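# Structural overview for review
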Amino acid sequence: MTDAKYHAPEQGSLAGRVFRPASLDELREAIELAFDYRGDVTVELKSGGQVTGYLFNRTATGEQPTIELFPATGSGTMTIPFSEVAAIAFTGEDTATGKSWEAWVAKKDSERQREVDRVEAEAKARGHL
Amino acid sequence: MAVPVSQMYTVTKYVLTQKLRGVKRYPLVLMLEPLFRCNLACAGCGKIQYPDHVLDKRLTPEQCWAAADECGAPIISIPGGEPLIHPEMPEIVRGLVARQKYVYLCTNAILLERKLDEYQASKFLTFSVHMDGLKDEHDLAVCRDGVYDVAVKAIKAALKRGHRVTTNTTLFDDANPERVRKFFDEMMALGVEGMMISPGYSYQKAPDQQHFLKRSRTTELFSKILSNRKRGWQFNQSPLFLEFLMGRREYQCTPWGNPTYNVFGWQRPCYLLQEGYASSFRELMEKTAWDSYGTGRNEKCADCMVHCGYEASAVEDTFGSLSGFAKTVKITLLPNAR
């Protein structure tokens, strides 16, 4: 079956925001937001490094809660303990923004056609059409 | 008959075996998503909104077969993304068919005709073509003109080569019952084996309650569509699920009936909600708070009547009681009987 056609009314995207949690509760909240976010995030580590990627899972319970990412470069996954996270920045494009059915219908015909053409051209370039 | 006897026998045997073993929660259909990349960008599609490096990820054939073995469901539905984009899809399907799994390869059919040579016709393989209505409705839903015609041509070509073909249709609150009935006529005239229908429902991220089918509206819409149905219409679904859509039966969700495996792992709790991922099927089954999901239990599930949650409930009803079984037989033979 297909996916849902309708999505939520546009709300402020988190793109560009940085969360530097001061407590475990704030950290959990930031991680939940990152888990729901449909773009890459950059995780700043307490060790001083940082990782950019798609945060696709989190395990908030247990002795050592963790997050899991697909790094934007390279293959495989990366698991990071909550305790290592210093900050989370929403650095990637929010791929869900502006993609609602309502937003699409509300666009001018010319805008919609341009979007359709762009998607088609991208698919052709990948050999998917 | 919409489904071959061998498939009905396999499913019946599987369900009865689970019951005899006292298994309370068992999967019926594995939703295997080998990639999220698609060659369409339907407005608001919740499955393709990821960064490019995620869209480029694909499950390997070995991962797909391992998921099928681990899960054990007799039916495997392969949605996506667009599965036909996956370069190893023929190999994946061959491996699943070799395991005697009934595979429903869900496709928008844009690539189907040119890929047909790569697939051998089998009772275990069905192309489930996404069709959201007649030409106007479908092309609007997929945001590209001409896709309906391409799909119809591909369906004819697949049928000509002896493939099993079904359609799958998602209906929203703007559906016109008369147009949907005409669409059913068109699909059956093409010669498809059966049709699958379901109300659309939002992903947890974006429940726009203004437009999603509320339960009362869903039952009203499906009653108009399915009442006095034509005898020639064949549905590739449980008759009791159709009764449920019409508001004639009440079910609670059976989210473990259609587990989903994709590049992120085993999705909790279902195809529609993303509450996290388990690394194994066993972990999914044992460590998911199943009782926290379903209508009346979770606000995210309030109006959901989608097949992935309730088709398995209908199957459970069929095999769980004599009255359910009798009702299924009756509706199968006399679809318009009350």
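That block above? That's the structure.
These notes cover the structure that comes with them. (Residues numbered from 1 in each chain as written. Chains lettered and ligands numbered in written order. Predicted model: local features only at pLDDT ≥ 70, side-chain atom pairs only at ≥ 80, totals over all residues. Heavy atoms only, no water.)

## Points about unusual backbone geometry
Residues and elements named next belong to chain B.
- Look at the link from Gly80 to Gly81: it is a cis peptide, with omega at 5 degrees.
- Position of Gly81 relative to the elements: it lies in the loop between strand S2 (75-78) and helix H4 (89-98).
- Each neighbour pair has its own omega, and for Arg268 with Pro269 the value is -15 degrees, a cis peptide bond.
- Phi is positive for Gln100, which is not a glycine, with a value near 60 degrees.
- Inspection of the secondary structure puts Gln100 in the loop between H4 and strand S3 (102-107).
- With relative accessibility at 54%, the residue Gln100 sits in the exposed group.
- For Cys143, which is not glycine, the phi torsion reads 60 degrees and is therefore positive.
- With respect to the element layout, Cys143 can be found in the loop between helix H6 (135-141) and helix H7 (147-160).
- With relative accessibility at 7%, the residue Cys143 sits in the buried group. (Helix = DSSP H or I, 4+ residues; strand = E, 2+ residues; numbered from the N terminus. Buried < 20%, exposed > 50% of the residue type's maximum accessible area, 1.4 Å probe, protein only.)

## A look at the nonpolar core
- Core analysis: the largest hydrophobic core is formed by 109 residues, its most contacted members being Leu30(B), Leu32(B), Phe184(B) and Phe264(B).
- Those residues in contact with Leu30(B) that sit more than four places away from it in its chain are Ala67(B), Ala68(B), Cys71(B), Ala73(B), Ile75(B), Ile76(B), Ser77(B), Pro259(B), Tyr261(B) and Trp266(B).
- Residues Ala34(A), Phe35(A), Val51(A) and Phe90(A) belong to the second largest nonpolar core, which totals 20 residues. (Core = buried A, V, L, I, M, F, W, Y, C linked by side-chain atoms within 4.5 Å. Contact = heavy atoms within 4.5 Å.)

## Re the packing of helix H8 (residues 177-190) of chain B against helix H9 (residues 215-226) of chain B
Residue and element names in this part refer to chain B.
- Between H8 and H9, the shortest axis-to-axis distance is 9 Å and the interhelical angle comes to 45 degrees. Classified by the angle their axes make, H8 and H9 are oblique. The two elements H8 and H9 cross, and the hand of that crossing is right-handed. Along the contact surface, H8 presents Pro177, Val180, Arg181 and Phe184, while H9 presents Leu221, Lys224, Ile225 and Leu226. (Axes fitted to C-alpha atoms, helices over the stretch in contact; angles between N-to-C directions. Parallel < 35°, antiparallel > 145°, perpendicular 65-115°, else oblique. Left-handed = near helix turned anticlockwise from the far one by under 90°.)

## As for empty space enclosed by the protein
All names here are of chain B.
- Under the defined criterion, the tally for this structure stands at 4 cavities of 30 Å³ or more.
- What lines the second largest cavity is a set of 15 residues, among which Cys253, Cys270, Leu273, Cys301 and Cys304 lie closest to the centre.
- In the lining of the second largest cavity, the residues fall into 12 nonpolar, 2 polar and 1 charged. (1 Å grid on protein atoms, 1.4 Å probe; cavity = no way out; pocket = protein on both sides within 12 Å on 5 of 7 lines; lining within 4 Å. Points joined across faces, edges and corners; volume = space filled by probe spheres on them. Nonpolar A, V, L, I, M, F, W, Y, C, P; charged D, E, K, R; others polar.)

## A short note on the sheet that holds strand S6 (residues 85-89) of chain A
Residue and element names in this part refer to chain A.
- Judged by pairing direction, the sheet is antiparallel, and its 6 strands sit side by side in the order S1-S6-S2-S3-S4-S5 without closing on themselves. Of all strands in the sheet, those with a lone pairing partner are strand S1 (18-19) and strand S5 (78-81), marking the two edges.
- Bridge count between strand S4 (residues 66-71) and S5: 4 bridges; the pairing is antiparallel. Paired with Ile67 across the bridge in S5 is Ile80.
- Its contacts with the sheet place helix H1 (residues 24-36) against S1, strand S2 (41-45), strand S3 (50-59), S4 and S6, and it is angled at close to 95 degrees to S3. (Pairing = 2+ DSSP bridges.)

## What about the side chain of Gln267(B)?
Residues and elements named next belong to chain B.
- Mapped onto the fold, Gln267 is located in strand S8 (residues 265-269).
- A distance of 3.2 Å separates a polar atom in the side chain of Gln267 from a polar atom in the side chain of Asn262.
- Reaching out from Gln267, the side chain makes a polar contact with the backbone oxygen of Cys270 at a distance of 2.9 Å.
- The contact partners of Gln267, leaving out residues within four places of it in the chain, are Glu33, Lys47, Thr260, Asn262, Leu272, Leu273, Gln274, Gly276, Tyr277 and Leu284. (Polar contact = N/O pair within 3.5 Å; in protein donor to acceptor, adjacent residues only side chain to side chain.)

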